[in-house]
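A look at the structure
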Amino acid sequence: MDPIAVPPISLVGDGLAVACADGRERPYLSFDAAASTAALPSVVARVEELLPRYSSVHRGAGYKSQVTTAAYEGARAAALAFAGRDGADDIAIICRNTTEAINHLAYRLRLDRTDVVVTTVVEHHANLLPWSRAATCRYVECGPDGTFEPADVERALAASPAPRLLAITGASNITGWQPAIGPIVEAAHARGVPVVLDAAQLAPHRPLPRTPDFVAFSGHKMYAPFGAGILVGPRAAFSDGDPFLAGGGAVDLVDLDEVAWTAPPDREEAGSPNVVGAVALHAAIDELAAAGWPALVAHDRRLAALLRNGLGEIDGVRLLGPPTDVETLPVATFVVAGMPHALVAARLSVEHAIGVRHGCFCAHPYLVRLLGLGRADVERFRGEIGRGDRSNTPGAVRASAGINTGERDVERLLQAVASLASGEPPPFAYELDPATGDYLPPVEVAPWAHELRDGAASCSPG
Ligand SMILES: Cc1ncc(COP(=O)(O)O)c(C=O)c1O
């Protein structure tokens with residue numbers, strides 16, 4: 001048997017040499033795990049093992065179909081167990097990602113404008129927009145440090161009219177802060193309100209709490225970037241009514257004027273599923289289980305402390321979110337005094353081969369609060385963006401670590417940020433592209449930075 005790996009655990013592509021603007025190559029260092037992770041080698045191995053046997057699922061009598069179906073259903077069972085729900089009458093629906101899972105659920109719950117969904121200003125857009133489109137949202141506010149108390153959620157749950165649902169994140173993608181999900185779910189259940197947990201960030205870092213009614217997470221954030229995500233919920237919630245997607249595989253019988261939908265979970269998965277993605281996710285779940293939560297959580301805590309304390313101690317760097325004595329995931333979002341976020345991210349990439357994310361992180365209401373922007377500021381930026389000018393788009397820089405991040409990686413990031421914050425002049429003048437808000441090195445210095453752009457902004461509109 002292979003020895004059990006202990007984090008940091010290498011990922012495919014770690015240490016890839018990339019060109020920097022001084023003409024040297026450096027090993028690429030990803031501090032962007034909160035957006036997407038590279039694959040675990042065991043994930044790729046499992047995919048390669050499946051591919052020679054790959055065939056259609058559910059509808060084929062041949063050997064390969066049987067093997068593929070067993071692999072797909074094995075992945076579903078693993079996802080349910082990962083969410084701690086294998087003993088109950090719950091199902092796991094295999095979809096693309098957390099965004100699709102939450103949209104799926106918002107459709108399935110048959111909400112209308114008279115329904116109130118309690119959610120929070122801390123949420124990623126994936127856990128805001130599906131609810132505000134389908135129902136009327138009541139938002140739990142946060143303080144300037146980006147946190148709220150369970151009592152704040154209780155007040156929103158107790159307000160009239162009574163809510164039909166609470167949709168809340170397990171951890172913020174900007175600050176890594178984790179709301180106290182246990183007491184919050186208890187308070188919701190005491191009022192008969194079901195809870196949806198957006199576990200996109202939480203899933204790779206902490207055991208999933210069992211009490212929320214619905215849980216959504218994404219494979220590409222947990223070392224299985226093959227396009228599968230999961231929605232877990234009670235079977236009964238999917239037993240009646242039209243599925244989100246209509247088509248083959250979701251039915252028992254079809255006549256031209258009649259359809260008999262089949263039982264969940266198949267009812268919720270019309271069309272040919274992403275077997276490779278599901279198998280990849282299964283392999284990632286197995287590897288996380290083999291490492292064990294105690295080792296994974298200890299690794300995360302060590303990194304979070306190094307990252308957040310280290311950044312917080314650099315002159316000219318302001319860390320957003322709760323103070324460093326509040327436990328968070330290994331995610332740190334910061335601004336550097338006097339330097340646009342897009343320039344910080346560009347310089348980390350071009351001069352240091354460090355990949356971070358910058359901008360608003362698909363959680364605009366939360367970032368606006370963390371930056372302390374007023375309504376007038378937001379209106380001004382809205383006007384500028386409407387005119388196609390993103391030069392001044394507000395934002396910050398996010399460094400997020402994962403299972404492959406080591407302490408020396410954090411030191412390398414801190415040194416790079418410290419040199420930028422100390423006012424070290426850039427080796428050349430970066431050019432601002434107002435259409436995207438991105439900063440670019442001169443084309444003769446780093447032609448690759450221009451060739452790879454393809455018109456896309458690194459701080460996407462999000
Ligand atoms: C907290 C949170 N929720 C939801 C999402 C959406 O995940 P996906 O892009 O996999 O649908 C993200 C992605 O960054 C996230 O961080």
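Bear in mind the structure is a predicted one, so any value in this text is a computation, not a measurement.

Comments concerning the site of the ligand
- Near the ligand there are 15 residues, and of these Asn97, Thr99, His124, Asn173 and Ser218 occur at the shortest range.
- In the shell around the ligand, the residues fall into three nonpolar, 11 polar and one charged.

Quick look at the pairing of strand β4 (residues 90-95)
- For β4, a buried count of six out of six residues is recorded, marking the element as mostly surrounded by other parts of the structure.
- Side chains of β4 alternate between two faces, with Asp90, Ala92 and Ile94 and Ile91, Ile93 and Cys95 buried alike.
- Bridging between β4 and strand β10 (residues 229-234) involves six bridges; their strand directions are antiparallel. Considered in β10, the bridge of Ile93 is made with Leu231.

Topic: unusual backbone geometry
- A cis geometry characterises the amide bond from Ser160 onward to Pro161, with omega recorded as -5 degrees.
- As for its position among the elements, Pro161 is in the loop between α5 (150-158) and β7 (165-169).
- The omega torsion of the bond from Pro264 to Pro265 falls at 10 degrees, within 30 degrees of zero and hence cis.
- Its identity is not glycine, yet Arg110 carries a phi of approximately 55 degrees, on the positive side.
- Note on placement: Arg110 falls in the loop between α3 (98-108) and β5 (116-120).
- With 12 C-beta atoms counted inside 10 Å, the residue Arg110 sits in the exposed group.
- Unusually for a residue other than glycine, Cys362 sits at a positive phi of about 55 degrees.

Looking at the environment of Glu451
- Relative to the helices and strands, Glu451 resides in helix α13 (residues 447-451).
- For Glu451, a count of 9 C-beta atoms within 10 Å puts it in the exposed group.
- In the structure, Glu451 is positioned 260 residues away from Arg191 in sequence and 56 Å away in space, judged by C-alpha atoms.

Re the sheet that holds strand β17 (residues 396-400)
- Overall, antiparallel pairing links the four strands, which are arranged β13-β14-β17-β16 in an open sheet. Pairing within the sheet leaves two strands with one partner each, and these edge strands are β13 (317-319) and β16 (357-359). Geometrically, the sheet is characterised by an average inter-axis angle of 30 degrees between neighbouring strands, direction not taken into account.
- Relative to β17, strand β14 (residues 331-336) is paired through four bridges, and the arrangement is antiparallel. Note on β17: the bridge partner recorded for Phe334 is Val397.
- Packing of helix α9 (residues 341-352) onto the sheet brings it into contact with β14, β16 and β17, and relative to β16 it is tilted by some 160 degrees.

Re the nonpolar core
- In terms of nonpolar packing, the biggest core is built from 133 residues, with Ala216, Ala224, Ala280 and Ala284 touching the most fellow members.
- Structurally, this core is a two-domain feature, drawing no fewer than three residues from each of domain 1 (17-30 + 292-451) and domain 2 (44-289).
- Ignoring any residue separated from it by four or fewer positions in sequence, one finds Ala280 in contact with Val43, Arg46, Val47, Gly219, Ala224, Phe226 and Ala228.

So, the domain arrangement of the protein
- Considered domain by domain, the protein is made up of domain 1 (17-30 + 292-451) and domain 2 (44-289).
- Of the residues lining the interface, 27 residues belong to domain 1; the matching set on domain 2 comes to 24 residues.
- For the side of domain 1 that touches domain 2, the secondary structure elements donating two or more residues are α8 (293-312), β14 and α10 (364-371).

Side note on the environment of Ala216
- Within the secondary structure, Ala216 is located in strand β9 (residues 214-218).
- As a C-alpha pair, Ala216 and Ile102 span 114 residues in sequence and 6.9 Å in three-dimensional space.
- The residues touching Ala216, leaving out its near neighbours within four places in the chain, are Thr98, Ala101, Ile102, Asp198, Ala199, Ala200, Gly229, Ile230 and Leu231.

Criteria and cut-off values
- Residues numbered from 1 in each chain as written.
- Predicted model: local features only at pLDDT ≥ 70, side-chain atom pairs only at ≥ 80, totals over all residues.
- Near = placed C-beta within 6 Å.
- Nonpolar A, V, L, I, M, F, W, Y, C, P; charged D, E, K, R; others polar.
- Buried ≥ 20, exposed ≤ 12 C-beta atoms within 10 Å, placed from the backbone.
- Helix = DSSP H or I, 4+ residues; strand = E, 2+ residues; numbered from the N terminus.
- Pairing = 2+ DSSP bridges.
- Axes fitted to C-alpha atoms, helices over the stretch in contact; angles between N-to-C directions.
- Contact = placed C-beta atoms within 7 Å.
- Core = buried A, V, L, I, M, F, W, Y, C linked by C-beta atoms within 7 Å.
- Domains from an automatic or database assignment.

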